[in-house]
4 protein chains.
Amino acid sequence: MSLLIKGGTIVTASDTYVGDLYVDGETIHSIGTSLDVAADRTLDATGKLVIPGGIDVHTHLDMPFGGSSSVDDFQTGTIAAAFGGTTSIVDFAIQEFGNPLQQAYDTWQEKARGKAAIDYGFHMIMREVDDAILKEMGAMVDLGVTSFKLFMAYPGVFFIDDGAIFKAMQRSGEIGATICMHAENGLVIDALVEQALKQGHTEPRYHALTRPPRAEAEATHRAIALAEMANVPVYIVHLSAAEALAELTAARDRGLPAFAETCPQYLFLDYTNYTEPGFEGAKYVMSPPLRDKSGQDELWRGLRGNDLQAISTDHCPFCFNDAGGKLLGRGDFSKIPNGAPGIETRMALVFDGGVATGRISVNRWVELTSASPAKIFGMFPKKGTLAPGSDADIVIFDPNGESVISASSHHMNVDYNPYEGRRVRGISETVISRGEVIIEGGSFLGRPGRGQFMQRDSRFVGEELPWDTTSNT
Amino acid sequence: MSLLIKGGTIVTASDTYVGDLYVDGETIHSIGTSLDVAADRTLDATGKLVIPGGIDVHTHLDMPFGGSSSVDDFQTGTIAAAFGGTTSIVDFAIQEFGNPLQQAYDTWQEKARGKAAIDYGFHMIMREVDDAILKEMGAMVDLGVTSFKLFMAYPGVFFIDDGAIFKAMQRSGEIGATICMHAENGLVIDALVEQALKQGHTEPRYHALTRPPRAEAEATHRAIALAEMANVPVYIVHLSAAEALAELTAARDRGLPAFAETCPQYLFLDYTNYTEPGFEGAKYVMSPPLRDKSGQDELWRGLRGNDLQAISTDHCPFCFNDAGGKLLGRGDFSKIPNGAPGIETRMALVFDGGVATGRISVNRWVELTSASPAKIFGMFPKKGTLAPGSDADIVIFDPNGESVISASSHHMNVDYNPYEGRRVRGISETVISRGEVIIEGGSFLGRPGRGQFMQRDSRFVGEELPWDTTSNT
Amino acid sequence: MSLLIKGGTIVTASDTYVGDLYVDGETIHSIGTSLDVAADRTLDATGKLVIPGGIDVHTHLDMPFGGSSSVDDFQTGTIAAAFGGTTSIVDFAIQEFGNPLQQAYDTWQEKARGKAAIDYGFHMIMREVDDAILKEMGAMVDLGVTSFKLFMAYPGVFFIDDGAIFKAMQRSGEIGATICMHAENGLVIDALVEQALKQGHTEPRYHALTRPPRAEAEATHRAIALAEMANVPVYIVHLSAAEALAELTAARDRGLPAFAETCPQYLFLDYTNYTEPGFEGAKYVMSPPLRDKSGQDELWRGLRGNDLQAISTDHCPFCFNDAGGKLLGRGDFSKIPNGAPGIETRMALVFDGGVATGRISVNRWVELTSASPAKIFGMFPKKGTLAPGSDADIVIFDPNGESVISASSHHMNVDYNPYEGRRVRGISETVISRGEVIIEGGSFLGRPGRGQFMQRDSRFVGEELPWDTTSNT
Amino acid sequence: MSLLIKGGTIVTASDTYVGDLYVDGETIHSIGTSLDVAADRTLDATGKLVIPGGIDVHTHLDMPFGGSSSVDDFQTGTIAAAFGGTTSIVDFAIQEFGNPLQQAYDTWQEKARGKAAIDYGFHMIMREVDDAILKEMGAMVDLGVTSFKLFMAYPGVFFIDDGAIFKAMQRSGEIGATICMHAENGLVIDALVEQALKQGHTEPRYHALTRPPRAEAEATHRAIALAEMANVPVYIVHLSAAEALAELTAARDRGLPAFAETCPQYLFLDYTNYTEPGFEGAKYVMSPPLRDKSGQDELWRGLRGNDLQAISTDHCPFCFNDAGGKLLGRGDFSKIPNGAPGIETRMALVFDGGVATGRISVNRWVELTSASPAKIFGMFPKKGTLAPGSDADIVIFDPNGESVISASSHHMNVDYNPYEGRRVRGISETVISRGEVIIEGGSFLGRPGRGQFMQRDSRFVGEELPWDTTSNT
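Residues numbered from 1 in each chain as written. Chains lettered and ligands numbered in written order. Predicted model: local features only at pLDDT ≥ 70, side-chain atom pairs only at ≥ 80, totals over all residues. Heavy atoms only, no water.

Considering the relation of the copies chain B and chain C
The condition is simple: Superposing the copies works by least squares over the C-alpha atoms of residues that have pLDDT at least 70 in both of them.
Between the two copies, chain B and chain C, the superposition gives an RMSD of 0.0 Å; the rotation angle is 180 degrees and the shift along the axis is 0.0 Å. Given the turn and translation reported, the copies of this chain are related as if by a two-fold rotation axis.

Okay, here's the thing in structure tokens:
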């Protein structure tokens, strides 16, 4: 099967040019100003952008929560992703207390099997760090799970202490893996939550008021300091607060290999959403919480100037009108399931709010949503660019199309959308995964289970690591 | 009993002038250009400095350690202090696991009773934070113990976690107390110590190599962030690393009420001392460790410009040639008792290395060693200045005198001196405590037990606290 | 003549205590808890603060402007100062193009002679820097004029270029003098003014809009950089913008001896005053202009933490309803005489807005308005403190008194007051200059011409200068 | 004429992959994993890097100096550039006092005509800023001269004052041009030079000692502040000092569009070169001067993390043994012609010292030496990448080849090489300019005069500019 995409404006992290792109089988064969080649199918992309498929390195599909799960599984979630122009995800497998990492790996492979419509990989969440687990990290890297997530928040659930973090970081350095960090000081937050509840503050907005920006900034600083002492890079997930970005920026100014993603919700929603009438604020309960709008310019500054390297979604949907969903927290904000949907809306939101407003270039959009996460997490250049030999994960994107985001039309398996009614410029019109057109004409043409597991490489590609910056005296 | 000190150069934190000072009983009655008053005794201070007695707010006398104790008790320690021009100390009472603070208070009062030759107060070390202890903090403040020390280092011994620290800080805000923080990331340090020992690194210098400056800087940043969230001031004890000072400076630039002391050992000794032949390096084993000499200019910068507010000693002596002392750690640096002597040498070392070299003014010397700690810890203006009504704690200091520091001549009960052989300018010639001459002509004229317990006030005097700087969204 | 002030709360930069103060002739003889001495006159200060007289190191009395002068001469200005609790000023003598500094010195001595009611000194404004002038700087220091002011603003009037500034700085280092800098980039400002007028923007607020904060911040940074290369301290006058303070703070964090004053107008007035109806905004036309209110917290942060060292007035009054005054600029903001009155209101405004609100301590108030300027400009300890031997420049200040500021009651020779109608806590009830009560019961009891010229010392007292921080490669 | 480059590792700013590249005429036609196309000529690039031709945006060919000129003209200079893998340069046309920019444009076109072997563009150096010149800037942009260089150094020669700089910046904003700034405080430097000579310091190293890093840092800060007030981007040329980079970094952290290049000499040579015996130090006399080696790590930090965006050469050669060259300054360092050769050695030096040592990635090497300068200066994507439609400016680079730099073998018309004897990895084996092989087998196969003038676009491509960051109050 071959495919010729003609006359589009081809955009990568670095380049923009008009040309033809020829796909042979699952990979890109050639790109030219005008390719004179016979193809099984020809798509006219005139006036459209041709970009590498989006890569979302932070999703929680079918994530266990309180006897139930996040409401998108690998089938509904990856199909929704595809509709939004995303052709690869990296989801989080979760180690269970007392069990080896292998079990979590197996469980998550099972969750994805027969369901994933696009390619997928796993980060491994570690809830415990002991000698056996440290050893097993190497086996995971061999399986292509080259990144490990640790939590400074959620004591009793995910939290591990600084000593454990430090050892896991040292080990990641030995095996070329990357540590992903949830950076919030969970011990302080738990004290604040307890105090708020004791004072009778039960509304959703107290979720935000008990997770101050400084708790994120502090943990961000600490994560980087631990990584500096372990002499390894670190990647901060879902950075939300300008105060945390300031810590990251300062570290990078010192030459440290510290990296972070932010998410669309922190760019386009803010604290005032928690004050929506009734229990509506619960829709936005996620961690870190939405912040004051005044910090968003600073996040864009970081995205533009490379103090932030990626935009992911932290997609983790729970229904609003569902006894097992957000309603669990009626009367006690601390019981609201944390998370919100976003896997489908990322590419368009960032194009609309970033590129169309002139905040970032179209190349930087591709870099933040595809090339850079691919490089950081060992998928590049198979994923993340449009180059001969790369996987034919391609989106034909109409920059002039417009749509209105709504739960009534989205494909995610959740009964609300945090951006309900928002009009956005830019539509992922045709989506191609490894040479196969899976989205076209507003329909999913693929097949659940066609997605493949991505065995990722270790070590960053791209930004090099500095020599040792740690002094011991 | 009355005393007239004539013709000296009177120096306070702010003023320098030649004049007479008249003491009536235990307090200063008047100061004038020339006082025409009859006194029981007249001292000629012509050509000498007349300064408020030194205040050392960080000592560990008779501190339990491994079945034994630090080798200076309240008698030998306070007499040595007096010889060095120090007339007040604040020592650390230590809560025992499972016991109330009151017990520690009682124990330490007992240690001091009949022994202290100068006035003394207590900080309270808290090893546990629960509701009962939090409540008892208020009772301690009523007793004049208005400062509490917490440890981010020494897991299993003193370490308490961030949640406990945060709650204790909140409580300190309610009762006007001050939190003193040992800021080193003990969990990382313990991991490094374990690894070093496993690799066969047992020499004293590994004490320093397993406690990197970044572990101190990280904890300093975290302590300040926790205090910011609790909206209280914080005081960092024994700040040693330029990296930690950078964190403090940045916080103060943001207007936060963060304070710190450093100690003479960090100004005049350095990492190379650990490389002295044989087991000599053990003499300098203290926490934080001695740092690279290159950071000392930065400490002086902080002292000059008020990013550091005090100089104390962390006096905690253990004998070098003693089976229960430093020798405990022969073959395993982690077993060397932490601490070194210094209660006697502080005033002269800082005068010599600070004032005589032009790094700080004579007023700043008085401020750092007496006025500022008195203000921070609720002793001012009873202590810390020379003003009518203040306690007559006075040192007649000969700026031109010289001495050579040596274990053979010092009065501390320890068999070595870290500054052995160092020649310093400036001698505390005559030392007066509440109107009584206790040091004169090289002899101690006082009486063990004459020292009184200082019931300290809560709340800072002097530098005001800013309004609330914490934003919660 | 002798004077006994009984029972007041004596406040200096460092100390606060209740006591008696005895003045013999022109100086302070003694201070005690209770002085049993016969005096020609006894004043009861119970419940009052007894503070060193205020020192205003930035005034422009009888300053030539466009054929006329600022409307307070040395008589009206110093009497108004005395009413406000200020007992010493340092005014600016202005070199004329082509004339030696000596001529300016003589002219200003002539202006003050027979008029000054309080003690006065001079800074010397240099409009030109050549070999002769550089040489003459030494002669000025011998006369007690130990500070020189240079302008980075006002091209064609006061502006001198960076090369000239640098040479004057080097020379100041040789002779122990201090450079005072007006730090605004006048060349940029002139371009903006020209453009604004060309666009028809003639209203007073364009005075502010053509002098952006960045123009001040840039010049502040540059002044400090030039001083760093010349290896001398520098003192920035009338710092107004938070952006400029950030530059100063960063320099001080690097250990550089950079100092600055701000003025009450920048703490209590702001840009919105320019938008008052009609031509009212002209009352506030001064340089630098009033800034956005949002920066004032940062100025207080600087005052509290010692990044700002002094508060002066830049008193330079022009009448509002006067053809030779502010009206000159009707129809062209650039022709409005720059300056506003303030010599009388400083002490009370800062007490009310600083001490009474808890932003700074009462000691810091004394330090900022008296002790610190005295130290920086070579008047200490003759001026700036209450200590035996110091000049008896004393204010008995009622902290509970209140007054309403108004042009109808003030003593300055100007027809408006920028703080009209503002109620302030704190009244300078009794003002004593060199032992003579000159203000009492709301009346001036002194005599024009009684003020003496202060021959100031060179070199700072107090904060020491660091060793050489400049690297040349 | 067509060309097929087979099997090379194609490297752009973002991508690295193995493939074939087909050139049709002057442009790249297509790129593929394996192209089955007939070409006039086929080159085997197996094991080699295929990169976009280098772009050197800072050269001074045939630059008038003291009656003579820099010793490479457009013929020798561009041929040497080609040998080093550079296929485009941007040289500096110099306005003459009192003459229009057009005259300079015409003069430089004349210099290049018939000589340039590769493509070339011009920046315009402006020595004067008046209304006529400001107007003429627009005409220059129409001619494709879209960048203007201003000097803060060299009073009397190139220096223009801040007001003129500011107006030129404002104008550049209107017409979409870019200001290039030589950022050194020339007024301070001239004072230091005068003093050094007066003190008899005539040796070459005084060139460095009279141009301190702070003079560059100050000017860098000022240039950015002026640009901020004018609300335009600014590009600092030949940044050399870590202190200057710190200013740039701080500005970029604030989100300002400030950019800078450094040069190989600042990465690989240092101050100690001035201390070479005899008059040898004169070889390295350039402005800014070589700096202390300790700052080089910081420059690499900036290059890696994008605080520095480009590496150019400032190629401006004068012979060492030539009465009209460096010898002019024997006995007076200030008369040594400023400048050194480098146009030929840039690509290999940065590959060797940057890529081969692991300091930067191979993509970042291409970005810094080609893509990024092309984007900043309006040449992209015609130049600076390997994409269909782009000019076929291509270098086949052997990463394993090695050479020894020497004046005896280089092609520049100068009698010394600052890197004499240095062994470097990486050789520009085959160099193609617009489809024509001009370097192959160590020979120049092109023809003087074949180079074309590049009419450059205005406005940056790539990094977007932020919205207005200037506040006026």
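Here we look at the interface of chain C and chain D
Much of the literature gives interface size as the accessible area that the parts lose upon coming together. Going by this rule: Residue contacts are defined here by distance: any two heavy atoms, one from each residue, within 4.5 Å place the two residues in contact. Accessible area that two parts lose when put together, evaluated with a 1.4 Å probe and summed over both, is termed the buried area. One side-chain nitrogen of Lys or Arg within 4 Å of one carboxyl oxygen of Asp or Glu is enough to make a salt bridge. Any pair of nitrogen or oxygen atoms within 3.5 Å is treated as a polar contact; in protein, a donor-acceptor pairing is required on top of that, and neighbouring residues in sequence qualify only through side-chain atoms on both sides. In DSSP terms, a helix is any run of H or I states spanning at least four residues, a strand is any run of E spanning at least two, and both are numbered starting from the N terminus.
Taken together, the contact pairs 35 residues of chain C with 35 residues of chain D. Here chain C and chain D share an interface that buries about 3000 Å² over both sides, 64% of which is from carbon and sulfur atoms. In this structure, Glu218(C) engages Arg222(D) in a salt bridge whose closest nitrogen and oxygen atoms are separated by 3.8 Å. Where chain C meets chain D, there are 9 residue pairs in polar contact (both at pLDDT 80 or more). Among the secondary structure elements, those contributing two or more residues to the side of chain C that touches chain D are α4 (162-175), α5 (186-198), α6 (205-209) and α7 (213-230) of chain C. The greatest single-element share of the side of chain C that touches chain D, amounting to 11 residues, is contributed by α7(C).

Thoughts on the sheet that holds strand β10 (residues 119-125) of chain C
All names here are of chain C. Applied cut-off: A pair of strands is treated as paired once DSSP finds two or more bridges between them. Throughout, an axis means a line fitted to C-alpha atoms (over the contacting stretch in the case of helices), and angles, computed between N-to-C directions, take values from 0 to 180 degrees.
With parallel pairing, the 8 strands of this open sheet are ordered in space as β6-β9-β10-β11-β12-β13-β14-β15. The open sheet has two edge strands, β6 (54-59) and β15 (310-311), and neither has a second partner. Across 7 bridges, strand β9 (residues 86-94) lies against β10 in parallel orientation. Bridge assignment links Ala93 to a residue of β10, and that residue is Met124. Relative to the sheet, helix α1 (residues 74-83) contacts β9 and β10, its axis offset from that of β9 by approximately 145 degrees.

Describing the relation of the copies chain C and chain D
The operation relating chain C to chain D is a screw motion whose rotation component is 180 degrees, with 0.0 Å of axial translation and a residual RMSD of 0.0 Å. A symmetric contact is evident, with 100% of the interface residues of chain C recurring at the interface of chain D.

Some thoughts on the domain arrangement of chain A
Residue and element names in this part refer to chain A. Defined as follows: These domain limits were set by an automatic method or by a database of domain assignments.
What the domain assignment reports for chain A is domain 1 (2-51 + 386-444) and domain 2 (53-376). Computed from C-alpha coordinates alone, the two centres of domain 1 and domain 2 are separated by 27 Å. Taken together, the contacts link 39 residues of domain 1 with 48 residues of domain 2. Here Arg434 and Asp119 are joined by a salt bridge, their closest N and O atoms 2.5 Å apart. Secondary structure elements with two or more residues in the side of domain 1 that touches domain 2: β5 (49-52), β16 (394-404), β17 (423-433), β18 (436-440) and β19 (443-444). A total of 7 residues in the side of domain 1 that touches domain 2 trace back to one element, the largest contributor, which is β17.

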